[in-house]
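Observations on chain architecture
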Amino acid sequence: MNEERYDVVVIGAGPAGSITAKKAAEHGLDVLLIERNQEIGVPVKCAEGVSKAIERFIPFDKRWVCAEVKGANIYAPDGTKVVMSGGEKMEEVGYVLERRLFDKALASEAARAGADVGVKTEAYGLIIEDGYAKGVSARCMEGDKRIYADVVVGADGVESKVGRWAGLNTRLRPSEISVCAEFLMCDVEINNDYSEFFLGSDIAPKGYAWVFPKGEDCANVGLGICGDVSGEQHHAIDYLRAFVRSKFPHGTIIAEMYGAVPLGGLIKESVADGLVLVGDAAWHVNPLTGGGILYAMRAGDIAGEVIAKAIQENDVSKKRLAEYDTRWRSEFGMLLDTCLQAKEFCFNLSDEDFNTLAHSLKDVKIEELSTRALLMELVKRNPGMLMGLEEMLL
């Protein structure tokens, strides 16, 4: 069996993995970034909406942006619209990405920083020596090989196996997963300036549907439902087909995408001896909205920096790598925990409850496009109904 040696091996070339690889390589480490698929960014398993804050990690390039949006429209089950906008001063506040190009751009940035990149390379086991992760066994076009490294980074998504191989508990219950289906559609009438979200038990129980503009008459149309309501009689794809028949009966489906999103909140542990988890593999996702690109990129940035320092100090123990765990929790852990509690609170609301809340915001423009701003405005106008939620936000 062939053998290779690196300082760091990163499994998964999504945003979290590529940013980790880039940061580590910028610190002078020998890094290998591997992706099991033959093409980075494919298949797409994402609604592709993101805040402009991603420009902290990669220079803007219009090639990977399909649309710039000014805000979001949220529709209650009875059709009442709530408007969230960036305000007159902020103009456009977010992007709808072309993920197949965006992910490639991030991997290219990692390569330019000095990382090696291997596609169609699948890790199938962890190399463990004296209790430490020391690399992975992988299969590629040339055959099986052993890739040795001082630190292994699991960036292998919601279905992550890397953490479990190291003894970390990364398993999610059905109630902690959103099962998603999405169509890329054309020949649809949409609002190109706003992303749109639709609530209702008939549309997407314990979830929501979305319409994200992708330029001209095209859009990502999808929905997610909680895993504990997905079964033989209730599939995300069935709800999506019904939504599309109602909303875009004359539109054309040109691509279908399926996936899952972790909604478990804070993972108990994201590091082990010689190993770090980032992105979806570490549950770095807002449990209320399912959005995770920005959290994944920030986690990757922190991980790459901490790993570089740990290797330079010749100490990749769990205790040393725990700096990464502490830092990401400090930066956005509280937000994820609050959104988890808000998700569980909202899952107990009825369609009539959502209608009542939407009516209270009917003529209000929320000028900060954030989950917290929306929740705070709802609490302000419905203190009795949302007493428990108010305590979470304080």
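Here's a quick rundown of the structure.

Each value, and the rule that gives it
Residues numbered from 1 in each chain as written. Predicted model: local features only at pLDDT ≥ 70, side-chain atom pairs only at ≥ 80, totals over all residues. Heavy atoms only, no water. Salt bridge = Lys/Arg side-chain N within 4 Å of Asp/Glu carboxyl O. Helix = DSSP H or I, 4+ residues; strand = E, 2+ residues; numbered from the N terminus. Pairing = 2+ DSSP bridges. Axes fitted to C-alpha atoms, helices over the stretch in contact; angles between N-to-C directions. Buried < 20%, exposed > 50% of the residue type's maximum accessible area, 1.4 Å probe, protein only. Lys, Arg positive; Asp, Glu negative; His and termini not counted. Polar contact = N/O pair within 3.5 Å; in protein donor to acceptor, adjacent residues only side chain to side chain. Contact = heavy atoms within 4.5 Å. Phe/Tyr/Trp six-rings, centres within 6.5 Å; stacked < 30°, edge-to-face > 60°. Parallel < 35°, antiparallel > 145°, perpendicular 65-115°, else oblique. Left-handed = near helix turned anticlockwise from the far one by under 90°. Nonpolar A, V, L, I, M, F, W, Y, C, P; charged D, E, K, R; others polar. Core = buried A, V, L, I, M, F, W, Y, C linked by side-chain atoms within 4.5 Å.

So, the pattern of salt bridges
For the structure on display, the rule yields 26 salt bridges. With its nearest N and O atoms 2.5 Å apart, the salt bridge here joins Asp150 to Arg5. With Asp150 in strand 11 (residues 143–154) and Arg5 in strand 1 (residues 2–11), the pair connects residues that are 145 residues apart, well separated along the chain. The network of salt bridges with shared partners includes Glu305, Lys309, Glu313, Arg320, Glu323 and Arg327.

A word on the sheet that holds strand 4 (residues 65–69)
Ordered by their spatial adjacency, three strands build an open sheet running 3-7-4, and the pairing between neighbours is antiparallel. The open sheet is flanked by strand 3 (49–51) and strand 4, the only strands paired with a single partner. Strand-to-strand twist in this sheet, taken as the mean axis angle between neighbours without regard to direction, amounts to 30°. Pairing of strand 3 with strand 7 (residues 94–97), which is carried by three bridges, proceeds in the antiparallel orientation. Opposite Gly49, over in strand 7, you have Val96 as the bridge partner.

Digging into the side chain of Glu182
With respect to the helices, strands and loops of the structure, Glu182 is situated in strand 12 (residues 177–186). Here Glu182 occupies a buried position and makes no salt bridge, while the nearest side chain of opposite charge, Lys214, is found at 6.9 Å. One polar contact links Glu182 to Trp210, side chain to side chain, over a distance of 2.8 Å. The residues touching Glu182, leaving out its near neighbours within four places in the chain, are Cys46, Ala47, Trp210, Asn220, Val221, Gly222, Leu240, Ala255, Glu256 and Met257.

Some words on the packing of aromatic side chains
Evaluated as defined, the whole model comprises eleven aromatic pairs. Consider the rings of Trp64 and Phe102, whose centres lie 5.0 Å apart with planes at 65°: the pair is edge-to-face. Highlighted residues: Trp64 in the loop between strand 3 and strand 4 and Phe102 in helix 3 (residues 99–112), separated in sequence by 38 residues. Feature note: the residues Phe60, Trp64, Tyr95 and Phe102 constitute an aromatic cluster, connected by ring pairs.

Brief notes about the packing of helix 6 (residues 293–312) against helix 7 (residues 318–346)
Look at helix 6 against helix 7: their axes get within 8 Å of each other, and the N-to-C directions meet at 160°. Here helix 7 runs roughly antiparallel to helix 6, going by the angle between their axes. When you trace helix 6 past helix 7, the crossing you get is right-handed. Seen from helix 6, the contacting residues are Tyr295, Arg298, Ala299, Ile302, Ala303, Glu305, Val306, Ile307, Lys309 and Ala310; seen from helix 7, they are Arg320, Leu321, Glu323, Tyr324, Arg327, Trp328, Glu331, Phe332, Leu335 and Leu336. Partitioning the contact of helix 6 with helix 7 into residue classes produces 13 nonpolar, no polar and seven charged.

Notes on the nonpolar core
Grouped together as the largest cluster of nonpolar side chains are 59 residues, with contacts concentrated most on Val31, Val152, Leu275, Ile307 and Tyr324. Among the elements that line this core, the one with the most residues is helix 6, at ten residues. Here Tyr324 is in contact with Ser270, Val271, Val276, Leu277, Val278, His284, Ala299, Ile302, Ala303 and Val306, once residues within four sequence places are set aside. Counting residues in each nonpolar core, the second largest holds 30 residues, with Val261, Cys346, Val364 and Leu386 among its members.

With respect to unusual backbone geometry
That bond from Val42 to Pro43 is cis: its omega, 0°, falls within 30 degrees of zero. Along the chain, Pro43 falls in the loop between strand 2 (31–35) and strand 3. Although it is not a glycine, Asp187 adopts a positive phi angle of roughly 60°. Here Asp187 lies in the loop between strand 12 and strand 13 (194–198). We classify Asp187 as partly exposed; its relative accessible area is 48%. The residue Asn314 is not glycine, and still its phi comes out positive at about 60°. For Asn314, the position within the fold is in the loop between helix 6 and helix 7.

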